[in-house]
Protein chains: 2
Amino acid sequence: MATPVRSGVPRPGRNPAFPLPSSPGASQEEIRRQNLGAVLRHVHVHGPTSRAELTTRLGLNRSTIGALAADLAATGLVTEEAPTTARRAGRPSLVVSPRSDRVYAHALSIEADRLRAARIGLGGRILDLREAGRPCGMSALDAVGPLADLVRDMERSVAADAVFVGGAVAVADTTRDPDGRIRIGGADEALGAALGAELAAGPGFVAADMADIAGLAEHVRGVAAGVDDFVYLHGDLGVSAGIIIGGRLVVGHRGHSGKVGHMVVNRDGLPCGCGSRGCWETEIGEAALLRHAGRDPAERAAVAEVLRAAADAEPTARAAVQQVADWLGFGVANLVNVVNPDTVVFGGYLREVFAAGADTVRRRLDEMALPASREHVRLQAAALGRDAPLIGAAELAFDKLLADPLNAGVAGQPGTGQADAPA
Amino acid sequence: MATPVRSGVPRPGRNPAFPLPSSPGASQEEIRRQNLGAVLRHVHVHGPTSRAELTTRLGLNRSTIGALAADLAATGLVTEEAPTTARRAGRPSLVVSPRSDRVYAHALSIEADRLRAARIGLGGRILDLREAGRPCGMSALDAVGPLADLVRDMERSVAADAVFVGGAVAVADTTRDPDGRIRIGGADEALGAALGAELAAGPGFVAADMADIAGLAEHVRGVAAGVDDFVYLHGDLGVSAGIIIGGRLVVGHRGHSGKVGHMVVNRDGLPCGCGSRGCWETEIGEAALLRHAGRDPAERAAVAEVLRAAADAEPTARAAVQQVADWLGFGVANLVNVVNPDTVVFGGYLREVFAAGADTVRRRLDEMALPASREHVRLQAAALGRDAPLIGAAELAFDKLLADPLNAGVAGQPGTGQADAPA
């Protein structure tokens, strides 16, 4: 027999995440970049943190953390201050804090019937927030002008030494035309470019799907923090998903993954705005609830009424919610069998449907999903509510800075930020 | 207005793969480990490669590549030799080759009706291959003894200085009981441990789902090489998928992702072995083809006959294949809407169904999937055929070595491999 040798413990039942066949080598410069990013990301996500705690959390030694924090402070990305209360004897460890006041992103959203724009500081603090209506039939590209107006309005009160690092826009998957028909839209490449051009903003704007962005927000700051494999379901007129696997957003080819609202669940179902029939969103979108409750499917304002009536045990409203919840469980079971996430998070209007019909969702899931997949899966209401798209958009906008803090173009000293042809 | 600064080009339409909030820092030692792994993985996947080409491919400088290759050679993982034909003037660049003869893994498969065991050398070369029948009703754990016999039989002809780095076993999702009922099984943790104990093999065995493993094989050495986002569909008695996103296998909680055969596609369909009804595999598994062709659904041997008859334009067989192909397209459309892969690969018996019914699959996909997702997606027959599970299992088994070549326990010099209590 040949000579077996120990190659470490096997990982039964859990395949390693197989990397690409050829990964490039890492240089000294890249390590420094990674470590600067790790420190900045930590205080961005977790807030002010002492050097001592950073040392523990990031597994780097004290002198390395000290040097990294000093570099970030010199660039104006963080402050370092003595803690207000020292708990132990000896020299207290400096506390590193993100400069939310100075470094900020623009977070925009194009929602079913409104537009929003926020200025969000490093660390995730909402510094300013504006809103405007979105008339029926307004396309995402049509929204560029009104969104730019909101942004310019916010910019009037920004300090001269503040630094804009980039922007992102969350786009709802589905809109309604003036004639009441539902149209499939979503983020496309032209939108980010158009916003960048309109605002003459050098760093530009990233456009992404609402559900992807809101899922990202729940992953970084919400109910799915620390959960590596989860599905965020966003529902209003349409239904789509942000799928995060192994801590990474599944984007698919050109960002078009997660169109779960167009899984066909009912082959003999109703026609869908996408041209197919019996899509999941024809069974669980807002229009389905209104239909079951005997209301006009185009009357969005009635959705809240139906949900309230169901909570008051009004029989028709209650049956309508349970019917939607049953189809919600049906599609979730399919997603659980395919993706096998640890958690499914319900957001948008589906948050309320889940809250009212959790037992029905779980019953259908138990009937349909495989035991190995369904037994562990947690079903949860979203935590961040209506701000999730804005919070997530800011995370996308900060991503470049967090990946490479010193080369993202933020100027060397506070107050000397280099302008890049602002509007 | 504040000072916008350049933070690089936006990535419109394609969200960055958002990393975990806190990533640990990288050390010198880790860089060396990564680089050694990158060199070894390159020659493992691409075969003998000159130092000069490694320099180009991996983006490292010449002296670094030279030192890394020398370290790997000293450990007995690669050889370095002058090329047999030098194409240019000057000193020829040494060629680095994987030591397929010396370093090997055990790749096992528990298939619907047979067991296989192969010895596969570094570089992916099949050095030896054995096969035994798998009687109806034999569970995966029951297969441990017969598989160990195959392994011991192979080990008799292994050179004394050969080094075993680990093993993996691919397990079919579905089996048939003696009474003809289909049972849902799959890989579980106990299986890898039982194989490790039976063979007293220190490195142990990883157990994983057949489709995950075959998908991995197609990703490393098959039709999906270089494709980062794809779905591999494996069908025989049952149907499951290996889903690779961003170059990584989606494993889900405890390895149970990709059970796509249990998406419910037909709410009023037939009962499934999983306890649900109308699962995709009731419409596209082998039994469905046999049913439509008027054959006994339990008679597996007839599947090939029906496929042949369809190729000869026999009307009943042809209609049966088209019906399965139509449901195949139905489920693929749902997967394309959810995951939005670049490529869908058809393996196992579905390879033949796709070959015969590609137009039907595509037609159904075009009817159901969203334009943005379906327009780019390539549909392809698997390339590796019946050896895919073994080739993929070897990749899993080599993974630990490729991640950390010098610390995976492979001894310092050829011929001095430390034994770890072989059988």
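This one's a predicted model, so the numbers in the text were calculated from it and none came from an experiment.

*Asks:* Please set out the overall build of chain A residue by residue, giving values where relevant.
*Replies:* Helix and strand counts for chain A stand at 13 helices and 16 strands. The long-range share in chain A, meaning contacts at least 24 apart out of those at least 6 apart in sequence, stands at 64%.

*Asks:* Can you lay out the confidence of the model for chain A for me, pointing to particular residues and giving the numbers?
*Replies:* Residue and element names in this part refer to chain A. Averaged over all residues, the pLDDT of chain A equals 85, while 86% of them reach at least 70. Across chain A, element-level confidence peaks in strand S4 (residues 95–98) with a mean pLDDT of 97 and bottoms out in strand S1 (residues 3–4) with 30. Per-residue pLDDT stays below 50 along residues 1–23; that stretch engages in 91 contacts with residues further than four places along the chain or on separate chains. In this model residues 411–423 is a low-confidence stretch, pLDDT under 50, and it forms 37 contacts with partners more than four residues away in sequence or in other chains.

*Asks:* Describe the side chain of A:Asn334, listing the residues and the values that go with them.
*Replies:* By the secondary structure assignment, A:Asn334 is in helix H10 (residues 315–339). Apart from residues no more than four positions distant in its own chain, A:Asn334 is found in contact with A:Met263, A:Met368, B:His262, B:Met263 and B:Val264.

*Asks:* How would you summarise the packing of helix H4 (residues 144–155) of chain B against helix H5 (residues 189–198) of chain B if you had to cite specific residues and measurements?
*Replies:* Residue and element names in this part refer to chain B. The geometry of H4 relative to H5 is characterised by a closest axis approach of 10 Å and an angle of 45° between their N-to-C directions. The orientation of H4 with respect to H5, classified from their angle, is oblique. Both H4 and H5 take part in a crossing whose hand is right-handed. Residues Val144, Leu147, Ala148 and Arg152 of H4 lie in contact with H5, whose contacting residues are Leu191, Ala194, Leu195 and Glu198. Classifying every residue of the contact of H4 with H5 gives six nonpolar, no polar and two charged.

*Asks:* So what about the state of the cysteines? Which residues, and what values?
*Replies:* Across all of its chains, the model carries zero disulfides over all chains by this definition. Unpaired in this structure, A:Cys272 has its nearest cysteine sulfur neighbour in A:Cys274, at a distance of 3.8 Å. With no disulfide partner, B:Cys279 has as its closest neighbouring cysteine sulfur the one in B:Cys274, 3.7 Å distant.

*Asks:* Describe the packing of helix H2 (residues 51–58) of chain B against helix H3 (residues 62–74) of chain B, with residues and values.
*Replies:* All names here are of chain B. The N-to-C vectors of H2 and H3 enclose an angle of 115°; their axes lie 9 Å apart at closest approach. At the point where H2 passes H3, the crossing takes the right-handed sense. On H3, the residues that touch Arg51, Leu54, Thr55 and Leu58 of H2 are Arg62, Ile65, Gly66 and Ala69. Considering only residue class, the contact of H2 with H3 consists of four nonpolar, two polar and two charged.

*Asks:* Give me unusual backbone geometry: which residues, what numbers.
*Replies:* Residue and element names in this part refer to chain A. Phi at Ala313 is positive, roughly 65°, even though this residue is not glycine. Counting through the fold element by element, Ala313 comes out in the loop between helix H9 (302–311) and H10. The exposure class of Ala313 is partly exposed, given its relative accessible area of 40%. Even without a glycine there, the phi angle at Asn340 is positive, about 50°. With respect to the element layout, Asn340 can be found in the loop between H10 and strand S15 (343–348). Note on Asn340: relative accessible area 0%, which makes it buried.

*Asks:* With reference to specific residues and values, describe the sheet that holds strand S15 (residues 343–348) of chain B.
*Replies:* Residue and element names in this part refer to chain B. The sheet built from five strands is open, its strands ordered S14-S13-S12-S15-S16 with mixed pairing. The open sheet has two edge strands with one neighbour each: strand S14 (248–249) and strand S16 (378–381). Relative to S14, strand S13 (residues 239–245) is paired through two bridges, and the arrangement is antiparallel. Each residue of the ladder has a partner; that of Ile245, found in S14, is Arg248. Across the face of the sheet, helix H6 (residues 210–221) comes into contact with strand S12 (230–235), S13, S14 and S15 while running at roughly 45° to S13. The sheet contacts of helix H11 (residues 350–368) involve S12, S13, S15 and S16, and relative to S15 the element is tilted by about 145°.

*Asks:* So what's going on with the pattern of salt bridges? Which residues, and what values?
*Replies:* Taken as a whole and assessed by the stated rule, the structure comprises 53 salt bridges over all chains. Residues A:Glu286 and A:Arg300 are paired through a salt bridge, measuring 2.8 Å at the closest nitrogen-oxygen approach. Of the two residues, A:Glu286 is situated in helix H8 (residues 286–292) and A:Arg300 in the loop between H8 and H9; the sequence distance between them amounts to 14 residues. A:Arg300 gets classed as partly exposed once you look at its relative accessible area, which sits at 23%. A salt bridge links B:Glu131 to B:Arg114, with the shortest nitrogen-to-oxygen separation between them at 3.2 Å. Residue B:Glu131 is found in strand S7 (residues 125–133), and its partner B:Arg114 is found in strand S6 (residues 114–121); the two are separated by 17 residues along the sequence. One network of salt bridges, with partners in common, ties together A:Glu111, A:Arg114, A:Arg116, A:Glu131 and A:Asp387.

*Asks:* Account for the pairing of strand S5 (residues 103–110) of chain B, naming residues and giving values.
*Replies:* Residues and elements named next belong to chain B. With eight of its eight residues buried, S5 lies for the most part within the structure. Side-chain alternation along S5 places Val103, Ala105, Ala107 and Ser109 on one buried face and Tyr104, His106, Leu108 and Ile110 on a second face that is also buried. Bridge analysis of S5 against strand S8 (residues 163–171) gives seven bridges, and the strand direction is parallel. Within S8, the residue paired with Val103 across the bridge is Val163. Pairing of S5 with S6 involves seven bridges; the strand directions are antiparallel. Considered in S6, the bridge of His106 is made with Arg119. Between S5 and the antiparallel strand that follows it, S6, lie three residues.

*Asks:* Before we move on, can you summarise helix H9 (residues 302–311) of chain B with the specific residues and values?
*Replies:* All names here are of chain B. Every buried residue belonging to H9 is among Ala302, Val303, Val306, Leu307 and Ala310, and all of these are buried. Projected down its long axis, H9 carries its buried residues within an arc of 145°, all on one side. Set apart from the buried face of H9 by more than 90 degrees, the exposed residues are Arg308 and Ala311. Residues of H9 that are buried sit in contact with helix H8 (286–292), helix H10 (315–339) and H11.

*Asks:* Quick one: what's the story with the sheet that holds strand S3 (residues 78–81) of chain A, residue by residue and with numbers?
*Replies:* Residues and elements named next belong to chain A. One open sheet accounts for three strands, arranged S2-S4-S3; its pairing is antiparallel. Each edge of the open sheet is held by one strand with a lone partner, namely strand S2 (49–50) and S3. With two bridges connecting them, S2 and S4 associate as antiparallel partners. From the neighbouring strand, Ser50 faces S4, where its bridge partner is Val95.

*Asks:* Go over the packing of aromatic side chains with me, naming the residues and quoting the values.
*Replies:* Counted by the stated rule, this structure contains eight aromatic pairs over all chains. Where A:Phe346 meets A:Phe354, the ring centres are 4.4 Å apart and the plane angle is 10°; that geometry is what we call stacked. On the accessibility criterion, A:Phe354 (10% relative accessible area) is buried. Ring centres of B:Tyr104 and B:Phe164 lie 5.9 Å apart, and the angle between their planes is 40°; this geometry places the pair in the tilted category. On the criterion of sequence distance, the pair formed by B:Tyr104 in strand S5 and B:Phe164 in strand S8 is long-range, its members being 60 residues apart. The same class applies to B:Tyr104 as to B:Phe164, namely buried. An aromatic cluster is present here, built from A:Tyr104, A:Phe164 and A:Phe205 joined pairwise through their rings. The ring of A:Tyr104 carries A:Arg119 above its face, with NZ or CZ at 4.5 Å from the centroid.

Here is what the cut-offs are and how they apply
The residue numbering used here restarts from 1 in each chain and proceeds along that chain's sequence as written. Both sets of labels track the order of writing: A upward for chains, 1 upward for ligands. In keeping with the predicted nature of the model, local features appear solely for residues at pLDDT of at least 70, side-chain atom pairs appear and are counted solely at 80 or more, and the whole-chain, interface and lining totals rest on all residues. To get the side-chain values, take all heavy atoms of the structure and skip hydrogens and water. Secondary structure counts use DSSP, requiring at least four H or I residues in a row for a helix and at least two E residues in a row for a strand, with both numbered from the N terminus. Should any heavy atoms of two residues lie within 4.5 Å, those residues are considered in contact. The pLDDT value tells you how sure the predictor is about a given residue, anywhere from 0 up to 100. To get an axis, a line is fitted to the C-alpha atoms, and for a helix only the part in contact is used. The angle between two axes follows their N-to-C directions and goes from 0 to 180 degrees. Angle categories are assigned with fixed cut-offs, so that under 35 degrees is roughly parallel, over 145 is roughly antiparallel, 65 to 115 is roughly perpendicular, and the rest are oblique. Whether a crossing is left-handed or right-handed is set by the direction in which the near helix is turned from the far one by less than a right angle, anticlockwise for left-handed and clockwise for right-handed. Classification convention: Asp, Glu, Lys, Arg as charged; Ala, Val, Leu, Ile, Met, Phe, Trp, Tyr, Cys, Pro as nonpolar; all other residues, Gly among them, as polar. When two cysteine sulfur atoms lie within 2.5 Å, the pair is treated as a disulfide. Burial here depends on accessible area, computed with a 1.4 Å probe over protein chains only, as a share of the maximum for the residue type. Under 20% is buried, over 50% is exposed, and the range in between is partly exposed. Note: two strands are recorded as paired if DSSP finds a minimum of 2 bridges between them. Salt bridge, as applied in this entry: a Lys or Arg side-chain nitrogen positioned within 4 Å of an Asp or Glu carboxyl oxygen. Read the arc as the range of directions from the helix axis to the C-beta atoms. By convention, a stacked pair of Phe, Tyr or Trp rings (six-membered ring in the case of Trp) has centres within 6.5 Å and planes under 30 degrees apart, an edge-to-face pair has planes over 60 apart, and any other such pair is tilted. We call a charge positioned above a ring when the Lys NZ or Arg CZ atom is no farther than 6 Å from the ring centre and deviates by at most 35 degrees from the ring normal.

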